[in-house]
Amino acid sequence: MKLILVFLLTFNCITAFSQFSFSRIEADFSIKEKKNDGTMSLTMGKVFFDLNERQIVYQITFPVKEILLMKDSVTYQIVDGVVKSQHFTGILIDFSIFNLALQGELPHFGIKNTPFKLEKTEVNQGMVLSTWIPPKRLQELQGKVMISQKNKQLFGMVSFSSKEEVIAKQFFRKYQNFQGVQFPTEVLNFTYFKGSENKKITTYRNVQINNFTTDIYYDYQLPNK
Amino acid sequence: MIHKMKTILLLVLSLLYFNITALSNDLFVIDENELQNEFAELTTLETQILQTPEMAVEDVQLSLNTQSPMYIIATQKDGLSNFDRGSFAWGFCCCPVGIFVVLSKDDDERHKNAELHFVAGAVASTVTFCCSLYVIGVVLSATSI
């Protein structure tokens, strides 16, 4: 009887705590970008994301020290503790690579839980390709989305315009297992606009999951304007 | 004759299928050499900064030719304000499709789902809690007897 009691209590505890398994992620990042006008840029720093705070904090160290806070669909640029500017950037938190990775939704980009409809799936050369169609009311703005998976991990995503032109490609590579979270340490972005192409490589290093030793950036508070 | 026609049709359809599949796969091909060559300079700079974290923009500026396409990075003294901020955000978030996916989510539907999940979760946890209490009660009474 005592064994049953212990089992029940343990089971309850496991169930309760498993809900909060992965809530924080931080990493060093660098973004190398080549723009369509031939110019190049490099941005480096550290990024913090807390699932419960629902904000992404970029502590940028190069080229200039500053903080970018993405919260409530707005990106704030903070320099020396003062909000220098703010811009509407859309509700991106849900579909950030950090949120999707922590929630275990990265393999399908979280698209399964959206009104996008699966049109077809094919398997070829070790890749699983799935094609998703946007809801009718968005079909004038957005075409289909193709997602490829390798070894059950998200590998690539191709986004089409309503005219069936490729408007963006994204690749997720060099996955590593960080305390049970599969995270791509390299993300390639290609965006196409009016015949020109932007290329970007984002690299993540020193990825840490559930670092509760510091809160400074995870619950970063927006300074008074 | 009909048999031949069927064979040809089958052959054409097969070729068409393989062609489509090949086209789909081509979309996910990356030209590694081209990528490495294009980003060679930036990768070198990235390595330098990783080795010398204190490296400032001015240091980079000194080491660059003003004609270099990378010179731009040394002139961003106003930080990211001159950068394409939207583009910066895409580096972290998954593609423009993210916006469309978010837009396509009906807010009302999301709220309804959230409420439904909350109620379901509350009911489930209450039921579990009551069951646990009942079992604990039974166990305790059995052991006391």
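Look up: the structure comes first, before these words.
Residues numbered from 1 in each chain as written. Chains lettered and ligands numbered in written order. Predicted model: local features only at pLDDT ≥ 70, side-chain atom pairs only at ≥ 80, totals over all residues. Heavy atoms only, no water.

A. Representation of the pattern of salt bridges in the model. Enumeration over the complete set of coordinates arrives at 16 salt bridges over all chains. In this structure, A:Asp215 and A:Arg24 form a salt bridge, with 2.6 Å as the shortest nitrogen-oxygen distance. In this pair, A:Asp215 is assigned in the segment after β13 (196-209) and A:Arg24 in strand β1 (residues 24-34), connecting sequence segments 191 residues apart. B:Glu38 serves as the salt-bridge partner of A:Lys34, at 3.2 Å between the closest nitrogen and oxygen. (Salt bridge = Lys/Arg side-chain N within 4 Å of Asp/Glu carboxyl O. Helix = DSSP H or I, 4+ residues; strand = E, 2+ residues; numbered from the N terminus.)

B. Focus on helix α3 (residues 40-51) of chain B. Residue and element names in this part refer to chain B. Under the 1.5 Å per step criterion, the end-to-end length of α3 is 17 Å for twelve residues, consistent within 8% with the ideal 16 Å. Turning to α3, its buried residues are Leu42, Leu45, Glu46 and Ile49. Down the axis of α3, the buried side of the element spans an arc of 105°, and every buried residue falls inside it. (Expected span 1.5 Å × (residues − 1). Buried < 20%, exposed > 50% of the residue type's maximum accessible area, 1.4 Å probe, protein only. Arc of directions from axis to C-beta.)

C. Up close: the packing of aromatic side chains. As enumerated under the stated definition, the model contains twelve aromatic pairs over all chains in all. When the centroid spacing of 5.0 Å and the interplanar angle of 20° are considered together, the rings of A:Phe48 and A:Tyr217 count as stacked. One end of the pair, A:Phe48, is in strand β2 (residues 40-50); the other, A:Tyr217, is in the segment after β13, and 169 residues separate them in sequence. With a centroid separation of 6.5 Å and 90° between ring planes, the pair formed by A:Phe171 and B:Phe28 is classed as edge-to-face. Within this pair, whereas A:Phe171 is found in strand β11 (residues 166-178), its partner B:Phe28 is found in the loop between α1 (2-26) and α2 (32-38), the two belonging to separate chains. When sorted by exposure, A:Phe171 lands in the same class as B:Phe28, which is buried. Here the basic side chain of A:Arg24 rests over the ring of A:Tyr218, its NZ or CZ set 4.2 Å away from the ring centre. Its end group placed over the ring of A:Phe160, A:Lys144 keeps NZ or CZ at 4.8 Å from the ring centre. (Phe/Tyr/Trp six-rings, centres within 6.5 Å; stacked < 30°, edge-to-face > 60°. Lys NZ or Arg CZ within 6 Å of the ring centre and 35° of its normal.)

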